[in-house]
Amino acid sequence: MMCFINIYAKFMLNGCPTPLIQLKPRQVEDAVLKEMQKRVSALHKQKSELDKKMQTMCRKRKAIDTKPLEEPMKQWDKLTVQEKHDIAAAMIDVVLISDETGIEVRFSI
């Protein structure tokens, strides 16, 4: 038993709707695939724009007063271990440890 499906479609040509036309199954597949590719491209473009915004947000840095660090950094070799530790603690914002990404140190300067 053969089953035929008549598919009709309306298209826009230069902003004006066309009359209904009958499409063959292959034409329907092509039209659906073309529409899906168009949507995927639009979503990819949106994702790229959002990625750029995220990178920009991550690059913004806090204004930090580095005056207290300048003098100790000039004399680094003469400092005690505890003084070096205190300076490092002032420079590091957070240390993240993960089994996926390893160790990530985020500096506050």
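Residues numbered from 1 in each chain as written. Predicted model: local features only at pLDDT ≥ 70, side-chain atom pairs only at ≥ 80, totals over all residues. Heavy atoms only, no water.

Asker: Help me understand the overall build of the protein in this model?
Answerer: Helix and strand content of the protein: three helices and six strands. Going residue by residue from the N terminus, the α and β elements of the protein occur as β-β-β-β-α-α-α-β-β. Look at the contacts in the protein between residues 6 or more apart in sequence, and 11% of them connect residues 24 or more apart. For the protein, the accessible area works out to roughly 10,400 Å², and carbon and sulfur atoms hold 60% of it. (Helix = DSSP H or I, 4+ residues; strand = E, 2+ residues; numbered from the N terminus. Contact = heavy atoms within 4.5 Å. Areas by Shrake-Rupley, 256 points an atom, 1.4 Å probe, with all protein chains shown as cover.)

Asker: Would you mind showing me how to read the pairing of strand E6 (residues 102-107) here?
Answerer: Across a regular strand the side chains alternate sides, sitting on one face of the sheet and then on the other. In this sheet, E6 lies alongside strand E5 (residues 92-98) in antiparallel orientation, the contact comprising six bridges. By the bridge assignment, Ile-97 is partnered in E6 with Ile-103. (Pairing = 2+ DSSP bridges.)

Asker: Before we go on, may I ask you to explain the confidence of the model for the protein in this structure?
Answerer: Parts of the model with low pLDDT should not have their predicted coordinates read in detail. Averaged over the protein, the pLDDT score is 76; the fraction of residues at 70 or greater is 70%. The element-level mean pLDDT for the protein is lowest in strand E1 (residues 7-9), coming to 55, with helix H3 (residues 81-91) highest at 85. (pLDDT = per-residue confidence, 0-100.)

Asker: What exactly am I supposed to notice about the pattern of salt bridges here?
Answerer: If charged atoms from side chains of opposite charge come close, those side chains can pair. The tally for this structure, following the rule as stated, stands at four salt bridges. In this structure, Lys-38 and Glu-35 form a salt bridge, with 3.5 Å as the shortest nitrogen-oxygen distance. Placement of both Lys-38 and Glu-35 in helix H1 (residues 25-59) is noted, with a separation of three residues, approximately one turn of the helix. Judged by its relative accessible area of 54%, Lys-38 is exposed. For Glu-35, the salt bridge identified is with Arg-39, shortest N-O distance 3.2 Å. Highlighted residues: Glu-35 and Arg-39, both in helix H1, separated by four residues, approximately one helical turn. (Salt bridge = Lys/Arg side-chain N within 4 Å of Asp/Glu carboxyl O. Buried < 20%, exposed > 50% of the residue type's maximum accessible area, 1.4 Å probe, protein only.)

Asker: Mind showing me how you'd approach the packing of helix H2 (residues 67-74) against H3 here?
Answerer: A pair of packed helices can be characterised by two numbers: the angle between their axes and the separation between those axes. Contact geometry of H2 with H3 gives a least axis separation of 11 Å together with a crossing angle of 140°. When the axes of H2 and H3 are compared, the pair comes out oblique. Where H2 crosses over H3, the two elements pack in a sense that is left-handed. Taken together, the residues of H3 that come into contact with H2 (itself represented by Leu-69, Pro-72 and Met-73) are Ile-87, Ala-90 and Met-91. When the residues that make up the contact of H2 with H3 are grouped by side-chain class, the tally is six nonpolar, no polar and no charged. (Axes fitted to C-alpha atoms, helices over the stretch in contact; angles between N-to-C directions. Parallel < 35°, antiparallel > 145°, perpendicular 65-115°, else oblique. Left-handed = near helix turned anticlockwise from the far one by under 90°. Nonpolar A, V, L, I, M, F, W, Y, C, P; charged D, E, K, R; others polar.)

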